[in-house]
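Analysis of the macromolecular model
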Amino acid sequence: MKLTPIKMAIVSLLIMGTIGACSKSDSSEKKLVLTGSSTVAPLAVEIGKRFESLHPGVRVNVQTGGSSRGIADTRSGLADIGMASRSLKDSEKGLQAFAIARDGICIILHKANIVSTLSDEQVVAIYTGAIKNWKHVGGPDAPITVVNKAEGRATLELFLHYFAIKNTDIHPDVVIGDNEQGIKTVAGNPDAIGYVSIGTAEYDETHGIPIKLLPVNGVAATLENLSNGSFPLSRPLNLLTKTTPTGLAKEFIEFARSKQVHDIVKEQYFVPLAK
Amino acid sequence: MSRSRSDIFLIWALRCCAAIAGAIVLLIGAFLVIESMPALQHVGITRFFTDASWHPSADASQGTFNLAPMLWGTLLAMSGSVLLATPLGIGSAVFCHYYAPSSIAKFYRRLIELLAGIPSVVYGFWGLVVLVPLIRQLQPPGPSLLAGIIILTIMILPTVALMADAALTNVPAQYLRGAAALGLSRWGTIRGVVFPAAKSGIITGVILQTGRAIGETMAILMVCGNVVQTPSRIFDPIRTLTANIALEMAYAGGDHRSALFVSGLILLALIVVLVSAAEVHSKGRIYG
Amino acid sequence: MAEAARPTFRPAHTGFTDTIATVVVWLIAIIVTGVFVWLLSDIIWHGIGQVSWRFLTEAPRNAGRAGGIGPIIVSTLLILAVCIAVAMPLGVGTAVLLAEFTSSDNLFGRLVRRSLDVLAGVPSIVFGLFGNAFFCVYLGMGFSILSGGLTLACMTLPILIRSTEEGFRAVPDEYRLGAAALGMSRTSSLIHLLLPAAAPGLLVGMVLGMGRSIAETAALIFTSGYVDRMPQSLHDSGRSLSIHIFDLSMNVAGGDANAYASALVLIVILLIVNSVASWTSDRWLHKRIIS
């Protein structure tokens, strides 16, 4: 191997050149690009795999990155189908949304915490800083660690909407990104309170992680109550398109909403839509 | 010196390489400026430092965009970890070269090389499940500036240790023989001969690690608590500018998204300031 | 890494400061080793049970909770290969220019150096966003291994260049003077003398650069993407190991066990790559200097 610097330089320029040249040439196989919500992404990947196995020659590429990105990419045409873990806002109504599953949000505490239920008012008081110690809600004498979600997350928006509080009124001790980070934070801190997706929490609780799910407004936080519609804090998981879907996108969305994928939806700890 | 044709060709090829390498940062800078333009126009520069808080989800007129607490968070986490990692890293390199028996030194180097490649996610994960609960027992809530400093220190230590190690390797052997001939003790040699000779390499390592400390994202996001506030104690949670981008970018639109690019621009400006300061301080002779 | 010439010290003048220094240096080494052994054993303890031949070869199933990481290993290696193929020549070329052909007060050289210093501090997430805008969208490469590798190449350049440059600076001037006296062209003295002599610095840069790129998450999630299928070309999107670990530990409930196992695999790959690099450089160094 005698790679002189000259050759190296030439090779590197060549590489740059080829990249520029061949970047435009695309393969002719049928490809479906999905981007968006990290909550929906694992589900979409699994649905995509089954869709591929039923439609040889089709490739379903799922990219993650957040609901807003799903919406932006669908608008710009970068993605054939967007994914969003919330309903569309008024400013986004131009897009078409197709719900493929439901997810709920529940309040979680550490398992060692003796508090077993909190009223909606108490939750609001804790999150707005009116109650700062567990002894005021029947718990031990310990300061409450309030875990909040980062700005812009669909979970945060739903939480704020349900409890009718403004994010500017919340004084968190920890701000987290994804669900699992929330669960790990609460599991590592007996004085913490947080809110995460029910499916994730239920999975972790049954697999020995020291957390517990609190009922919201008296309704136990279970996937069952979520699917029969009695649990109040829930959100749809949506697939989005720019216009009325046609061709492959239409087939995929129909497939993702059909009974054929209900087992996948349950496997990912979401609730299939009754159909 | 006479120059052959191949030499001239070589120099131009090398200049092309250098130009490409140098242009990348300009590209990135331009990209950041273009993306942050909407926020700079709608919000204005001063509001990024004078607004009441950081709640940018609403549009420019209603949201608040104060980045200053995160700037402090970044600076504190950076300086804390650099202050810790520099002596530890240099100490590690000195250990390898002048104290450890060669078998231990070899093992130690391999260990450090490995650490350079452990994903930041793994450090963050470890920090979240091991370190943060430990700190919580000391002083709640746990996720804090301190946790961030410790994790950052562990992460950047390999860089400074390996760079210092390479710098020590390059100290000419005759210096050491000279020192031995003068009857200098081990530490006397290291302080009086080795450090001055290896200064350039060590400083390079420190600059690189400072950059990494500023730029680190994922691990910091997992252990620092991410609350937007100016910390008053080392146990207070903080949010750094990088964590701010990583946490919110995927969920941001409009002016909020653009404001996150302003975070990136501030980070870039911070690094430009640092690099210039280093240059002024050494009057451009760091690398000479 | 090359072993330095180790002087022998006669403990004739061992004073109080010397004893203190010895204790402190050993203490540092023990603390650092302790923390890292703690961390590594944690990963090995939790990960080793999952690793098997099937885990290494199978495709992930059920969002990564079950199945293996075969396609993800392939994607990771491909991304790394693209990164090295682009960053090495660019980096070594730039380092040679800065160290050998540019005086320290040369404006061009100083500009390049400063911009590289700044580049070293650009947060990885910014690289990710830039890579997405420039490689994926502007150059039209889409989410692909190519985009990911190129983004990483931009990211690792400063480290690579810096330590290679240090390697060149460490070569004694006698080499250059001797070569000039023999009438060698600068090109051939570079190839036959300086490059081999600067190999240790180059190696450190490579190890650090690869370490940083193989461990990178934020820059890749927007460029090489999330697809966990076996890649068929460099234009395919491919999930890297670090993204897989991030997704499993932060986004998939019950993914921890496989996250640990993936981290273990990542570390072993890195160990292998480092050893091969160090072995090749040793042999190269030997052959050149003898011939």
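Residues numbered from 1 in each chain as written. Chains lettered and ligands numbered in written order. Predicted model: local features only at pLDDT ≥ 70, side-chain atom pairs only at ≥ 80, totals over all residues. Heavy atoms only, no water.

Here's the deal with the interface of chain B and chain C
Buried accessible area, meaning the area lost when the parts come together, often serves as the stated size of an interface. With 101 residues of chain B at the interface, the matching set in chain C holds 94 residues. Summed over both partners, the interface of chain B with chain C buries about 8,800 Å², with 77% contributed by carbon and sulfur atoms. For the pair chain B and chain C, the number of links is zero salt bridges. At the boundary of chain B with chain C, the tally comes to six residue pairs in polar contact (both at pLDDT 80 or more). The leading source of residues in the side of chain B that touches chain C is helix α1 (residues 5–43) of chain B, at 18 residues. Broken down by class, the residue content of the side of chain B that touches chain C amounts to 66 nonpolar, 24 polar and eleven charged. (Contact = heavy atoms within 4.5 Å. Buried area = accessible area lost by both parts, 1.4 Å probe. Salt bridge = Lys/Arg side-chain N within 4 Å of Asp/Glu carboxyl O. Polar contact = N/O pair within 3.5 Å; in protein donor to acceptor, adjacent residues only side chain to side chain. Helix = DSSP H or I, 4+ residues; strand = E, 2+ residues; numbered from the N terminus. Nonpolar A, V, L, I, M, F, W, Y, C, P; charged D, E, K, R; others polar.)

Considering the environment of Gln181 of chain A
Among the secondary structure elements, Gln181 of chain A is positioned in helix α6 (residues 179–187). Among the residues examined, Gln181 of chain A registers a relative accessible area of 2% and is labelled buried. Ignoring any residue separated from it by four or fewer positions in sequence, one finds Gln181 of chain A in contact with Ile176 of chain A, Leu128, Leu221, Met222 and Asn226 of chain B together with Met250 of chain C. (Buried < 20%, exposed > 50% of the residue type's maximum accessible area, 1.4 Å probe, protein only.)

Observations concerning the packing of helix α2 (residues 41–54) of chain A against helix α9 (residues 247–256) of chain A
Residue and element names in this part refer to chain A. One way to put it is that α2 packs onto α9 with a least axis distance of 11 Å and a crossing angle of 120 degrees. Judged by the inter-axis angle, α2 sits oblique to α9. Crossing angle aside, the handedness with which α2 passes α9 is right-handed. The segment α2 lies against α9, with Ile47, Gly48, Arg50, Phe51 and Leu54 engaging Leu248, Glu251, Phe252, Phe255 and Ala256. For the contact of α2 with α9, the per-class residue count stands at seven nonpolar, one polar and two charged. (Axes fitted to C-alpha atoms, helices over the stretch in contact; angles between N-to-C directions. Parallel < 35°, antiparallel > 145°, perpendicular 65-115°, else oblique. Left-handed = near helix turned anticlockwise from the far one by under 90°.)

Concerning empty space enclosed by the protein
Counted according to the given criterion, the structure contains 15 cavities of 30 Å³ or more. Roughly 340 Å³ of volume is contained in the largest cavity. Along its surface, the largest cavity is lined by 24 residues, and Asp178 of chain A, Ala246 and Ala250 of chain B together with Ile221 and Phe246 of chain C are the ones closest to its centre. For the lining of the largest cavity, the secondary structure elements donating two or more residues are α9 (218–223) and α10 (241–248) of chain B together with α10 (218–221) and α11 (241–250) of chain C. Taken together, the residues of the lining of the largest cavity break down into 14 nonpolar, seven polar and three charged. Per-domain counts for the lining of the largest cavity show at least three residues from each of domain 1 (31–102 + 236–272) and domain 2 (103–228) of chain A. Each pocket or cavity is described by its volume, and for the second largest cavity that value is around 150 Å³. In terms of lining, the second largest cavity is formed by 15 residues, of which the most central are Thr200, Gln268 and Phe270 of chain A together with Arg65 and Asn251 of chain C. Composition of the lining of the second largest cavity by domain shows at least three residues from each of domain 1 (31–102 + 236–272) and domain 2 (103–228) of chain A. (1 Å grid on protein atoms, 1.4 Å probe; cavity = no way out; pocket = protein on both sides within 12 Å on 5 of 7 lines; lining within 4 Å. Points joined across faces, edges and corners; volume = space filled by probe spheres on them. Domains from an automatic or database assignment.)

So, the state of the cysteines
In a disulfide, the sulfur atoms of two cysteines are covalently bonded to one another. The final tally for this structure, using the stated rule, is zero disulfides over all chains. Between Cys154 of chain C, a cysteine without a disulfide, and Cys83 of chain C, which holds the nearest cysteine sulfur, the sulfur-to-sulfur distance is 9.2 Å. (Disulfide = S-S within 2.5 Å.)

Here we look at the pairing of strand β3 (residues 81–84) of chain A
Residue and element names in this part refer to chain A. Judged by which residues are buried, β3 turns out to be covered on both faces: Ile81 and Met83 on one side and Gly82 and Ala84 on the other are all buried. Two strands pair when backbone bridges link them, and strand β1 (residues 30–36) and β3 are joined in this way by three bridges, in the parallel orientation. By the bridge assignment, Gly36 is partnered in β3 with Met83. Here β3 pairs with strand β9 (residues 234–241) via three bridges, running antiparallel. In the sheet register, Gly82 faces β9, and the bridge partner there is Leu240. (Pairing = 2+ DSSP bridges.)

Comments concerning a nonpolar patch on the surface
Together, Phe16, Ile20 and Val24 of chain C line one region of the surface with nonpolar side chains, adding up to about 310 Å² of accessible area. Mapping Phe16 of chain C onto the fold places it in helix α1 (residues 16–47). (Patch = residues over 30% accessible without salt bridge, like charges linked within 9 Å, V, L, I, M, F, W, Y side chains within 5 Å. Areas by Shrake-Rupley, 256 points an atom, 1.4 Å probe, with all protein chains shown as cover.)

Observations concerning the confidence of the model for chain A
Of the residues in chain A, 89% have a pLDDT of 70 or more, and the chain-wide mean is 84. Confidence over residues 1–7 of chain A falls short of pLDDT 50; this stretch has 15 contacts with residues more than four positions distant or in other chains. (pLDDT = per-residue confidence, 0-100.)

Concerning the interface of chain C and chain A
Contacts between the two partners involve 43 residues from chain C, matched on the other side by 38 residues from chain A. Its largest share of buried area at the contact with chain A, chain C owes to Tyr226, Arg229 and Met250 of chain C, together 18% of the area lost on that side. Where chain C touches chain A, the interface holds four salt bridges. Put simply, Lys49 of chain A and Asp228 of chain C hold a salt bridge, and the shortest N to O gap is 3.5 Å. On the surface where chain C and chain A come into contact, there are 15 residue pairs in polar contact (both at pLDDT 80 or more). Every element with two or more residues in the side of chain C that touches chain A is listed here: β1 (60–61), α3 (70–100), α6 (145–169), α8 (186–197), α11 and α12 (256–290) of chain C. Split by residue class, the side of chain C that touches chain A holds 25 nonpolar, eleven polar and seven charged.

Thoughts on the pattern of salt bridges
Overall, the coordinates contain 33 salt bridges over all chains when judged by the stated rule. A salt bridge links Asp236 of chain B to Arg233 of chain B, with the nearest nitrogen and oxygen atoms 3.3 Å apart. Residue Asp236 of chain B is classed as buried on the basis of its relative accessible area, which comes to 12%. With a shortest N-O distance of 3.0 Å, Arg54 of chain C and Glu58 of chain C are connected by a salt bridge.

Structural notes on the domain arrangement of chain A
Residue and element names in this part refer to chain A. By domain assignment, chain A separates into domain 1 (31–102 + 236–272) and domain 2 (103–228). The centre of domain 1, based on its C-alpha atoms, is set 28 Å off from the matching centre of domain 2. With eleven residues of domain 1 in contact, the opposing surface of domain 2 contributes eleven residues. With both sides pooled, the region where domain 1 packs onto domain 2 buries about 890 Å², and carbon together with sulfur makes up 61% of that total. Between domain 1 and domain 2 we count two salt bridges in total. Residue Glu157 is joined to Lys89 by a salt bridge in which the shortest nitrogen-to-oxygen separation is 3.8 Å. For the pair domain 1 and domain 2, the number of links is zero residue pairs in polar contact (both at pLDDT 80 or more). Residues that form the side of domain 1 that touches domain 2 fall into these classes: five nonpolar, three polar and three charged.

A short note on helix α3 (residues 68–99) of chain B
Every α-helix carries 3.6 residues per turn, so stepping three or four residues along brings you back to the same face. Taking 1.5 Å per residue as the helical rise, α3 of chain B with its 32 residues ought to reach 46 Å, and the 45 Å between its terminal C-alpha atoms agrees with that figure. The element α3 of chain B is extensively covered by neighbouring structure, given that 25 of its 32 residues are classed as buried. (Expected span 1.5 Å × (residues − 1).)

Some words on the packing of aromatic side chains
For the structure on display, the rule yields 21 aromatic pairs over all chains. Ring geometry for Phe95 of chain B versus Tyr108 of chain B: centroids 5.2 Å apart, planes at 65 degrees, classification edge-to-face. With a gap of 13 residues between them, Phe95 of chain B in helix α3 and Tyr108 of chain B in helix α4 (residues 102–116) connect regions that are remote in the sequence. Judged by relative accessible area, Phe95 of chain B falls into the buried class, the value being 2%. Each member of the aromatic cluster is reached from another via a ring pair, and the members are Phe31 and Phe261 of chain B together with Phe130, Phe134, Phe135 and Tyr138 of chain C. One Lys or Arg, Arg15 of chain B, reaches over the ring of Trp12 of chain B and ends 4.8 Å from the middle of that ring. The lysine or arginine in question, Arg239 of chain C, covers the ring of Tyr226 of chain C, its NZ or CZ lying 4.2 Å from the ring centre. (Phe/Tyr/Trp six-rings, centres within 6.5 Å; stacked < 30°, edge-to-face > 60°. Lys NZ or Arg CZ within 6 Å of the ring centre and 35° of its normal.)

Let's talk about the side chain of Thr200 of chain A
Among the secondary structure elements, Thr200 of chain A is positioned in helix α7 (residues 198–206). With relative accessibility at 11%, the residue Thr200 of chain A sits in the buried group. Here Thr200 of chain A is in contact with Asn179, Glu180 and Ile183 of chain A together with Ala253 of chain C, once residues within four sequence places are set aside.

Some points on unusual backbone geometry
Residues and elements named next belong to chain A. The backbone of Ala164 sits at a positive phi, close to 55 degrees, despite the residue not being glycine. Relative to the helices and strands, Ala164 resides in the loop between α5 (154–163) and β6 (174–176). With relative accessibility at 68%, the residue Ala164 sits in the exposed group. A positive phi angle, close to 55 degrees, is found at Asn217, a residue other than glycine. Turning to its location among the elements, Asn217 is positioned in the loop between β8 (211–214) and α8 (223–227). You can call Asn217 exposed: its relative accessible area is 54%.

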